Amino acid sequence: MEDNIMLDLRNIHKSFFIGTPNEFEVLHGLNFTVKKGEFVSIVGQSGSGKSTLMNIIGALDRPTAGEYTLDGIDIEKAKDHELSALRNKKIGFVFQTYNLIARTNALKNVELPMMYAGMGRAERTERAKMLLAEVDMTDRMHHNPDELSGGQKQRVAIARAMANDPAIILADEPTGALDSATGRMIMDIFHKLHEEQGKTIVLITHSPELSQETERIITLKDGNIIGESAGHWDRAAKEVE
Amino acid sequence: MLFTENILVALAGLKANIMRSLLTMLGIIIGIASVIAIMTVGNSITSIVNSTMQDLGANNLEMGVVQKSQDNKTSDSGANYGTGYVRDMTDQDLITQDMLDAFKAEFPDDIKYVLKYENVGEKGKVTEGSKSANVQVIGYNKDNFEFKDKKIIAGRGFLNRDFENAKKVCLVTDKLVERLYNGDNDAIIGKQIEANVGGSYYSYYVVGVYEYVQEQFSFGVSDNPTTELIIPYETARVANHNQNKGDYYFTLVTSVNTDNDEFATKVRDFFNINYYSRNDAYEVMVVSMTSMMNQMNTMIGAIQLALSAIAGISLVVGGIGVMNIMLVSITERTKEIGTRKALGATNGSIRLQFITESVVICLIGGIIGIIFGIVLGTVAVKLMGYEAAVSLSSIVIAVGFSMAIGIFFGYYPANKAAKLNPIDALRYE
Ligand SMILES: Nc1ncnc2c1ncn2[C@@H]1O[C@H](COP(=O)(O)OP(=O)(O)OP(=O)(O)O)[C@@H](O)[C@H]1O
Ligand SMILES: [Mg+2]
């Protein structure tokens, strides 16, 4: 296997058990790879299986069948606590609904993954402040989630996703609950992470324009990949500019 | 590190739902408060009883002439069976001074004093002009007088001849002098005072004034307490027209080195073998103060334990309440649990988080309960008129117990949270 591969999914099936005798298959044997440093978007109709796929990529769920390696790690063989460590260190999640921990201020939210990683208090606070500064949230770092706007919450969530300097960022409709201007700002942050830090990003979106901003667009329909196309973003072009 | 973080999260959660948290803690609060209150009252009573008994003399043996147990005698005369009663006590049944002297000679190292007293009247009154003081007129024998060791603050104590000649002399308290002679202790020395006991008058020369010490078993402070007007034992017998050849009740004060339980047997045997073997109805019984004290302590301890156990039921109910609220809280926070797992929380750290939360609830409840319990117990003991003795050990146990309840009743919900599948938790609506 090439060592510039971040994600390698082969023949991934996922079924949900919805009461005997029914097994409801949502993903019907997907194959695709994502290179290190790639910015990929996944599009498709509602119910096509995007989130289901994302949960498998994020090691939150296991495929029913198929092989999946993330940064060279065989997910199928990993134990629960190994998956915890993997999610902690390798993956940064950004959710549509932000999923900040209630009654816990922005700073503490960003510190959380570092705390689970066993980082010392002073060190993680310092890093959390730095990450919040990057998303321009320094002013509001002592505010609890219920005192922040949607866009602000999502910026905190992105800072939190970056906490342990993950190999890959997984964002499931991160702008879905935001107005277009705020969504734009969030997208700009992703571009910055992609370009400046070379992060691998997998983005699920309903917006055709946003997907066009990525390097590669994977289209899902009814649990199958029905197409792959290049986005308008072009690293080479950017570098030439 | 995770530990303090968990406590902070737990506290924030409790603060967000103050009413709910308090209601949840109620069972724990009530349970711990009642246990602490019961322990405080029990311990106070125990220490009061013990110190009172210590005052009376922990080295004392109580000795008395009692009915013989009739088991082997009444089998053929059914009439007496069960009551043990044969006949009234007569002179022949009493312990005379000669017997006591022989007894003292037998155990010179063990016996320090043989206390005798003769009560003339408990509800006496001494009047001076318009003023009066309540007195108990009581006769002490020489041993008793020496043992009680009253602090003489004016005049003198009793002399040998006062006892031997049954002199009509008395000692009064400074309290009495305070009431009748405006506290002029010297003025009363040598005066003859008259005590009216239920219409009978007894007059004695005051030879000394001793310091009044309030007894521990007295409710509140009276400005006219009944104090002892002490006269020699022999004088008291004269006053009572007591012609008996002896007495049937004594207190023995033994030396510090004497093992009282062992000595009690020796005393009983001495009298029963030498003087009562042919007595058809009476014998001598001896009880040591220490064994009485132990019995009393065991009894109080048992009552305390029983009451605490009943109060403890409320702790179990409280624990179940905590478990219930933890289950509710975990359901409410399913999405949070999912998020934490997505961020890398292990099952163990989730479990620890919720156990910590349940322990924090129980601990706060426990501490509130301890405070309530101490206040309640102290007030109760104060109302009874004593000093409260809060036991440190009961507080330590209460703290430990509430933590244990937190762990025990928090484990199941916490484990349930820990075992949630991350994606199911995240998708939970
Ligand atoms: N836990 C589950 N149990 C049963 N069915 C499920 C479960 N999770 C997802 N599904 C089904 O799988 C299909 C794909 O769901 P998924 O959430 O992946 O869609 P999606 O592409 O993300 O849609 P959307 O764009 O609306 O978010 C849906 O039909 C859904 O009902
Ligand atoms: Mg979805």
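Residues numbered from 1 in each chain as written. Chains lettered and ligands numbered in written order. Predicted model: local features only at pLDDT ≥ 70, side-chain atom pairs only at ≥ 80, totals over all residues. Heavy atoms only, no water.

Go over the overall build of chain B with me, naming the residues and quoting the values.
Secondary structure assignment for chain B yields 14 helices and 13 strands. The C-alpha radius of gyration computed for chain B amounts to 33 Å, which surpasses the reference 22 Å derived for 429 residues by more than 25%, pointing to a less compact arrangement than a globule. Projected onto its principal axes, the C-alpha positions of chain B cover 105 × 65 × 40 Å. Counting only residues that meet the buried cut, chain B has 46% of its 429 residues in that class. For chain B, restricting intrachain contacts to residue pairs at least 6 apart in sequence, the fraction spanning at least 24 positions comes to 79%. (Helix = DSSP H or I, 4+ residues; strand = E, 2+ residues; numbered from the N terminus. Rg over C-alpha atoms; globule rule 2.2 N^0.38 Å. Buried < 20%, exposed > 50% of the residue type's maximum accessible area, 1.4 Å probe, protein only. Contact = heavy atoms within 4.5 Å.)

Can you break down the interface of chain B and chain A residue by residue, with the values?
The interface is formed by 25 residues belonging to chain B together with 23 residues belonging to chain A. On the surface where chain B and chain A come into contact, there are 3 salt bridges. Between K108 of chain A and E5 of chain B there is a salt bridge, and its shortest N-O distance comes to 3.9 Å. In this assembly, chain B and chain A are joined by 7 residue pairs in polar contact (both at pLDDT 80 or more). Elements supplying a minimum of two residues to the side of chain B that touches chain A: α1 (2-16), α11 (334-342), α12 (347-383) and α14 (422-427) of chain B. A class-by-class count of the residues in the side of chain B that touches chain A yields 10 nonpolar, 9 polar and 6 charged. (Salt bridge = Lys/Arg side-chain N within 4 Å of Asp/Glu carboxyl O. Polar contact = N/O pair within 3.5 Å; in protein donor to acceptor, adjacent residues only side chain to side chain. Nonpolar A, V, L, I, M, F, W, Y, C, P; charged D, E, K, R; others polar.)

Explain unusual backbone geometry to me, and be specific about the residues and the numbers.
Excluding glycine, residues mostly have negative phi values, and the peptide bonds linking residues are mostly trans. Residues and elements named next belong to chain A. Positioned with a positive phi, N11 is a non-glycine residue whose angle comes to about 50°. The topology assignment puts N11 in strand β1 (residues 5-17). Among the residues examined, N11 registers a relative accessible area of 40% and is labelled partly exposed. The residue D71 is not glycine, and still its phi comes out positive at about 50°. Tracing the chain through its elements places D71 in the loop between β4 (65-70) and β5 (73-74).

Tell me about the sheet that holds β5 of chain A, and please be specific about residues and values.
Strand order in this open sheet of 4 strands is β2-β1-β4-β5 (chain A), and the pairing throughout is antiparallel. Two strands bound the open sheet, and with one partner strand each, they are β2 (23-35) and β5 of chain A. (Pairing = 2+ DSSP bridges.)

Summarise the nonpolar core; cite the residues concerned and give the values.
All names here are of chain A. Counting residues in each nonpolar core, the largest one holds 35 residues, and the members touching the most others are L7, L9, L53, I57, Y68 and L170. Ranked by residues supplied to this core, first place goes to β2 with 5 residues. Residues within four places of I57 in sequence aside, it is in contact with L7, L9, F32, Y68, L70, I91 and L170. If you look at the next biggest cluster of nonpolar residues, it comprises 34 residues, including M137, I169, I186 and I201. (Core = buried A, V, L, I, M, F, W, Y, C linked by side-chain atoms within 4.5 Å.)

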